[in-house]
Amino acid sequence: IKAVMASNSVFNGDIFGLVQQKKLQEDDGGRTNILLFGTSEDDPGHDAAWLTDSIMVLSINQTTKDAYMVSIPRDLEVQYGQACMPGYSGKINVVYGCNYADGENEKGGAEALKTVVSELTGLEIPYYAHVNYSVVRDIVGALGTVTVNIEGSGGAPGVMDSNFDWKCKGDNAYASLATMKKNCPPSGHFIDYPNGPAELDAEHALYLAQARGDIEPTYGLGNSNFDREQNQQKIIVAIKDKALSSGT
């Protein structure tokens, strides 16, 4: 019941609308390809919230029931086909915002990004899903927690990103280290996990999906956006595993 209630906002309708007998559109290889992209327009005060810093393609075979994911680097340079903020070419994460008409044409932005990703990958991509902070919070919140295997890059003993330590300060920007450690045990960092399985609530899953070690101190994210992409994929798999488990 909890999951179905959450799905009303996540899927713009009833999750049971996803359960149908009609097959989704397939390409010549018998696969259904879906563009997933994330923005942060529902995060108050977030600069350039229309940037799609998370982009991936999900490819599904409806007969064999297998699925694959590939992340598209947000810094990949592409041609825009029109004048955008950076000019006529630049990072792929600008394509959506260049076509979404200041938030008035979400579909236009999505279709433009879908076209560019299709050209890059050579895949026919008939569908897309636009994800924001609320979607991640609602889905993981409906599941309770998800379990992700933490693997710090470069031989690091885990993953730590201090960029989100403000969440440990409560409402006090000048909170002491003792307060931060109390709010975010044991070290006072909001994203701080040793290698191995980690059980994440909705908020920690959301911010692990954003972590790329861009602010010191940090470790385990030496590959920056590429590490972030791998963790995003792990979180999606964890959501799938929990949603399909017998206890959920």
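Bear in mind that the values here come from a model prediction, so they are computed numbers and not experimental data.

Analysis parameters
- Residues numbered from 1 in each chain as written.
- Predicted model: local features only at pLDDT ≥ 70, side-chain atom pairs only at ≥ 80, totals over all residues.
- Heavy atoms only, no water.
- Pairing = 2+ DSSP bridges.
- Helix = DSSP H or I, 4+ residues; strand = E, 2+ residues; numbered from the N terminus.
- Axes fitted to C-alpha atoms, helices over the stretch in contact; angles between N-to-C directions.
- Contact = heavy atoms within 4.5 Å.
- Phe/Tyr/Trp six-rings, centres within 6.5 Å; stacked < 30°, edge-to-face > 60°.
- Buried < 20%, exposed > 50% of the residue type's maximum accessible area, 1.4 Å probe, protein only.

## Digging into the sheet that holds strand β6 (residues 127–131)
As summarised here, the arrangement of the four strands in space is β3-β2-β1-β6, forming an open sheet in which the pairing is mixed. Every other strand in the sheet has two partners, leaving β3 (66–71) and β6 as the edge strands with one partner each. This sheet shows a mean twist of 20° between the axes of neighbouring strands, independent of strand direction. This element, helix α7 (residues 225–243), spans β1 (32–38), β2 (54–61) and β3 of the sheet and lies at about 155° to β3.

## Structural notes on the packing of aromatic side chains
Taken as a whole and assessed by the stated rule, the structure comprises seven aromatic pairs. Consider the rings of Tyr96 and Tyr100, whose centres lie 5.2 Å apart with planes at 50°: the pair is tilted. For Tyr96, a relative accessible area of 3% puts it in the buried group. With a centroid separation of 6.1 Å and 80° between ring planes, the pair formed by Trp166 and Tyr207 is classed as edge-to-face. Taken together, the residues span a long stretch of sequence, with Trp166 in the loop between β8 (158–161) and α5 (177–183) and Tyr207 in helix α6 (residues 202–208) at a distance of 41 residues. Among the aromatic residues, those joined into a ring-pair cluster are Tyr133, Phe164, Trp166, Phe190 and Tyr207.

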